[in-house]
Amino acid sequence: MQQSDRFSEGFENRKTVLGADHVEKSWSAADEFNRPMQRLVTEYCWGEVWGDDTLSFKVRSMVNLAMLTAMSQHHELAVHVRGALRNGVTTEEIRAVLTQAAVYCGAPLGLAAFRVASEAIRAYEVESAAQATGNKQ
């Protein structure tokens, strides 16, 4: 099946934010059942919404961190913490977003978000250091 321009833009946006390896792995793992959902998310979420340049990728990342904290979506939060770091969000900004989310969403969600973010930040730093020295993890 030929992909739309919006899908292609979304696929590139998704790789920019989440990392090419992660996106290629997700797309390759898609099967006949879930591939339509992967296509939908790539085309509309990553192409249509992330393709709108009204908000920068950095701002979108910070918004996502707050929303994913509010929804207690830990797996997606970890993925988007790494994406936020790729988009130039600092650890101090991540801390501020999660602290604000904790105040508005509740301490248990905030504490869980901090645990997930801490682990994702550590993993990102290890990966970045390994890439800087030429060693892939």
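In this text the structure is predicted, and so the values were computed from the model without any measurement. (Residues numbered from 1 in each chain as written. Predicted model: local features only at pLDDT ≥ 70, side-chain atom pairs only at ≥ 80, totals over all residues. Heavy atoms only, no water.)

## Description of the overall build of the protein
Counting secondary structure elements, the protein contains seven helices and zero strands. Across its three principal directions, the C-alpha atoms of the protein cover 45 × 40 × 30 Å. Across the 137 residues of the protein, 36% fall into the buried class. Counting only contacts in the protein whose residues sit at least 6 apart along the sequence, the fraction spanning at least 24 positions is 66%. With the model as given, the accessible surface of the protein reaches about 8200 Å², and the carbon-plus-sulfur share is 56%. Positive and negative side-chain charges of the protein, numbering 14 and 17 respectively, have mean locations separated by a distance of 5 Å. (Helix = DSSP H or I, 4+ residues; strand = E, 2+ residues; numbered from the N terminus. Buried < 20%, exposed > 50% of the residue type's maximum accessible area, 1.4 Å probe, protein only. Contact = heavy atoms within 4.5 Å. Areas by Shrake-Rupley, 256 points an atom, 1.4 Å probe, with all protein chains shown as cover. Lys, Arg positive; Asp, Glu negative; His and termini not counted. Charge placed at Lys NZ, Arg CZ, Asp CG, Glu CD.)

## Considerations on the UniProt feature "domain: Carboxymuconolactone decarboxylase-like" (unreviewed entry) in the protein
UniProt records the feature "domain: Carboxymuconolactone decarboxylase-like" (unreviewed entry) for residues 37-119 in the present numbering. In residues 37-119, the share of helix is 82% and the share of strand is 0%. The end C-alpha atoms are 28 Å apart. (UniProt positions renumbered as here; feature names shortened; annotations may be inferred.)

## Regarding a nonpolar patch on the surface
There is a patch of nonpolar side chains on the surface, built from Leu55, Val59, Val63 and Met67 and spanning about 290 Å² of accessible area. Counting through the fold element by element, Val63 comes out in helix H4 (residues 57-70). According to the relative accessible area criterion, Val63 is partly exposed, its value standing at 38%. (Patch = residues over 30% accessible without salt bridge, like charges linked within 9 Å, V, L, I, M, F, W, Y side chains within 5 Å. Salt bridge = Lys/Arg side-chain N within 4 Å of Asp/Glu carboxyl O.)

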